[in-house]
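Understanding the architecture of this molecule
One letter stands for each residue in the lines below.
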Amino acid sequence: MDREAAPMTFRENANIGSGRASRGGGGGGRGGLAVGGGLGALVLALVVMLFGGDPGQVLGGGQEQAPQAENVDLADCQTGADANRSVDCRMQATMVSLEDYWTAVLPDAEPTSAILFSGSVQTQCGNATSDVGPFYCPLDRRIYLDTTFFNQLQGQLGADGGNFSQMYVLAHEYGHHIQNYTGALQYSQQDPRGPESGAVRVELQADCFAGAWAGNASRTQDEQGQLLLEELSREDIESALSAASAVGDDSIQEQMQGQVTPHTWSHGSSEQRMGWFMRGYESADPNQCDTLNVASVDDYQG
Ligand SMILES: [Zn+2]
């Protein structure tokens, strides 16, 4: 039971068998992914990614890295113990928690689902490879994630590799789905670049939504009404913050181009991403995430 020896994010006996995650190798996801051809160029314009810049360059091609995901059948993901052991099951369990939380906050918003893929995937926003990192497609309203990304998040991008750094990523993408419902997502397309742009405000709101979920996550329940997660530890929150920092525009630009150019920002700085996550977490209230109307995106301290 020692956290240091074996971090147990999920309660070992929690039932995670109903999660909305599926393995969609080449597009065979839940509900089918009918895709028109020739949409390649639309991909980057329409999807909402975890971070900006040129993902292929940031991630160094991705494909040459041997995937080390366990590649389990999600049908084997039944309990919290499975989620603590396997990254795929952890994503499924996180979806159960996210759905439980957001369905309570916004009962009229349809839950989303996550497609776990390897290498490349077809979506209604076009074809995408793992190089773009995790993303949300507003057209089919699904989250797409190749879990080998977590190797890069920890390795090249510098997150700490804790379970909650991975769960933050999924929670951020779920936030985009909520924004698709509220209408906020459109401001990302309308005003895509700059330190106070619509895109940055949308991304920081998704971080804040991830924080609001985190602030409530230990109260989310499985279908039987059992709690899903252990109480979050300081290490869990530090893991999430390490990931939010790793995908900040300034951090990525520093790595990619050796200089920071705020006029091209689309996601906000490391400080801002951590700041808005913490605002969501500490308030545990998504109404505190109104990044679209604050005077400056630096106003996260309230
Ligand atoms: Zn995003």
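Remember, it's a predicted structure, so these values are computed and weren't measured experimentally. (Residues numbered from 1 in each chain as written. Predicted model: local features only at pLDDT ≥ 70, side-chain atom pairs only at ≥ 80, totals over all residues. Heavy atoms only, no water.)

**Side note on the side chain of His172**
Inclusion rule: Put simply, DSSP H or I for four residues or longer makes a helix, DSSP E for two residues or longer makes a strand, and each gets a number counted from the N terminus. Any pair of residues with heavy atoms lying within 4.5 Å of one another is described as a contacting pair.
Turning to its location among the elements, His172 is positioned in helix α6 (residues 163–182). Those residues within four positions of His172 in sequence are excluded, and the remaining contacts are Met49, Leu50, Glu203, Ala206, Asp207, Ala210 and Arg273.

**Regarding the confidence of the model for the protein**
Short version of the rule: Confidence per residue, as judged by the predictor, is encoded in pLDDT with a range of 0 to 100.
Averaged over every residue, the pLDDT of the protein is 87; residues scoring 70 or more account for 85%. Of the regions scoring below 50 in pLDDT, residues 1–6 engages in 7 contacts with residues more than four places distant in sequence or in other chains. Taken as a whole, residues 62–70 scores under 50 in pLDDT and shows 17 contacts with residues more than four places along the chain or in a different chain.

**Details of the coordination of the zinc ion**
Applied cut-off: Coordination here is defined by N, O and S atoms within 2.8 Å of the metal (3.2 Å for Na, K and Ca), and since water is not considered, a site can look incomplete. A 1.4 Å probe rolled over the protein chains alone gives each residue an accessible area, and that area as a share of the maximum for its type sets the label: buried under 20%, exposed over 50%, partly exposed in between.
The coordination sphere of the zinc ion, as far as protein atoms go, consists of Met49 (O), His172 (NE2), His176 (NE2) and Glu203 (OE), spread over 2.0 to 2.6 Å. With a relative accessible area of 11%, Met49 lands in the buried category. Given the relative accessible area of 0%, His172 is considered buried.

**Quick word on the state of the cysteines**
In plain terms, the rule: Any pair of cysteine sulfurs within 2.5 Å is marked as a disulfide.
On inspection of all chains with the given rule, the structure shows 3 disulfides. Across a sulfur-sulfur distance of 2.1 Å, Cys77 and Cys89 are joined as a disulfide pair. Every disulfide takes its handedness from the sign of the S-S torsion; for Cys77 and Cys89 that torsion is -75 degrees, giving left-handed. On the criterion of sequence distance, the pair formed by Cys77 in the loop between α2 (55–58) and α3 (80–85) and Cys89 in helix α4 (residues 87–105) is long-range, its members being 12 residues apart. By the burial criterion, Cys77 is buried, and Cys89 matches it. Sulfur-sulfur distance for the disulfide between Cys208 and Cys289 comes to 2.1 Å. Because the torsion about its S-S bond is -75 degrees, the bridge between Cys208 and Cys289 counts as left-handed. One end of the pair, Cys208, is in helix α8 (residues 198–217); the other, Cys289, is in the segment after α11 (270–283), and 81 residues separate them in sequence. For the pair Cys208 and Cys289, a shared accessibility class is recorded, and that class is buried. Regarding the disulfides, the protein carries the connectivity 1-2, 3-4, 5-6 under sequence-order numbering of its bonded cysteines.

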